[in-house]
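Residue-level listing of the chains:
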Amino acid sequence: MRIAIPLMFTLTTALITFWYSLYTQKYQSLFVTSALNLICYVIITAIAYFWEGSISATSKFKSACFESYVIPYLVLNVVYVCIWYFLTVKKGVAYAGVYESSYLIVLVLLGIFFNHEKFDLRFFIGVLLVCGGIILIESK
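What counts and how
Residues numbered from 1 in each chain as written. Predicted model: local features only at pLDDT ≥ 70, side-chain atom pairs only at ≥ 80, totals over all residues. Heavy atoms only, no water. Salt bridge = Lys/Arg side-chain N within 4 Å of Asp/Glu carboxyl O. Buried < 20%, exposed > 50% of the residue type's maximum accessible area, 1.4 Å probe, protein only. Helix = DSSP H or I, 4+ residues; strand = E, 2+ residues; numbered from the N terminus. Axes fitted to C-alpha atoms, helices over the stretch in contact; angles between N-to-C directions. Parallel < 35°, antiparallel > 145°, perpendicular 65-115°, else oblique. Left-handed = near helix turned anticlockwise from the far one by under 90°. Contact = heavy atoms within 4.5 Å. Nonpolar A, V, L, I, M, F, W, Y, C, P; charged D, E, K, R; others polar. Expected span 1.5 Å × (residues − 1). Polar contact = N/O pair within 3.5 Å; in protein donor to acceptor, adjacent residues only side chain to side chain. Disulfide = S-S within 2.5 Å. Patch = residues over 30% accessible without salt bridge, like charges linked within 9 Å, V, L, I, M, F, W, Y side chains within 5 Å. Areas by Shrake-Rupley, 256 points an atom, 1.4 Å probe, with all protein chains shown as cover.

**Concerning the pattern of salt bridges**
In step 1: A complete count under the given rule lists one salt bridge for this structure.
In step 2: As a salt-bridge pair, Lys-60 and Glu-52 come within 3.6 Å of each other at their nearest N and O atoms.
In step 3: Residue class for Lys-60 comes out partly exposed when judged on its relative accessible area of 45%.
In step 4: On the accessibility criterion, Glu-52 (40% relative accessible area) is partly exposed.

Printed below as a string of structure tokens:
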């Protein structure tokens, strides 16, 4: 399980991103990809609703709607989808994937400053390698 779940996550993410790029480049439509994502989210929402139980899921949703970061979360999701679309159309899926992987640096900083999380040296070296790769790819 220690290796299987991360590998499945990596493979699933890569396949979804690859197929997303095929739809994006073939149809040049933000609507098509957004509609497909919406269908997936509706299916996942239905599964989660029945898995957690209707009372628990509904009460969690109601309380989550009153969190202070619900509006930024929703707005940033919209921005994220649009940026992914335009970046995939302009640069391709490989570049979009590399750009997205740079979010690790921001997550590390947010985790340290706001959640007081601790990370080991190997994790920081991995993050630095990801960011170094982005600089290397974009340097001319």
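**Description of unusual backbone geometry**
In step 1: Even without a glycine there, the phi angle at Gln-28 is positive, about 50°.
In step 2: For Gln-28, the location among the structural elements is in the loop between helix H1 (4-27) and helix H2 (30-52).

**What to know about the packing of H2 against helix H4 (residues 70-91)**
In step 1: Axis separation between H2 and H4 bottoms out at 11 Å; the angle between their running directions is 130°. Between H2 and H4, the crossing angle belongs to the class labelled oblique. As for how H2 packs across H4, the hand of that crossing is right-handed. Note on element contacts: H4 touches H2 through Val-81, Cys-82 and Tyr-85, opposite Leu-30, Thr-33 and Ser-34.
In step 2: When its residues are assigned to classes, the contact of H2 with H4 shows four nonpolar, two polar and no charged.

**Structural notes on H2**
Every α-helical turn comprises 3.6 residues, leaving residues that sit three or four positions apart pointing alike.
In step 1: Between its terminal C-alpha atoms H2 stretches 32 Å, which fits the 33 Å expected from 23 residues at 1.5 Å a residue.
In step 2: The N-cap residue of H2 is Ser-29: its side-chain oxygen and the backbone nitrogen of Phe-31 are 3.2 Å apart.
In step 3: Following H2 by one or two positions, Gly-53 adopts a phi angle in the positive range, close to 95°.

**Things to note about the state of the cysteines**
Chemically, a disulfide is nothing more than a covalent bond linking the sulfur atoms of two cysteines.
In step 1: Per the stated rule, a full pass over the model turns up zero disulfides.
In step 2: The structure places no disulfide on Cys-40, whose sulfur is separated from the nearest cysteine sulfur, that of Cys-82, by 18 Å.
In step 3: Look at Cys-82 and you get partly exposed, because its relative accessible area is 25%.

**Observations regarding a nonpolar patch on the surface**
In step 1: Together, Leu-11, Leu-15, Phe-18, Trp-19, Leu-22, Tyr-23, Tyr-27, Leu-36, Ile-39, Ile-43, Ile-47 and Trp-51 give the surface a local cluster of nonpolar side chains, amounting to about 1,300 Å² of exposed area.
In step 2: Residue assignment for the nonpolar patch shows that the elements contributing at least two residues are H1 and H2.

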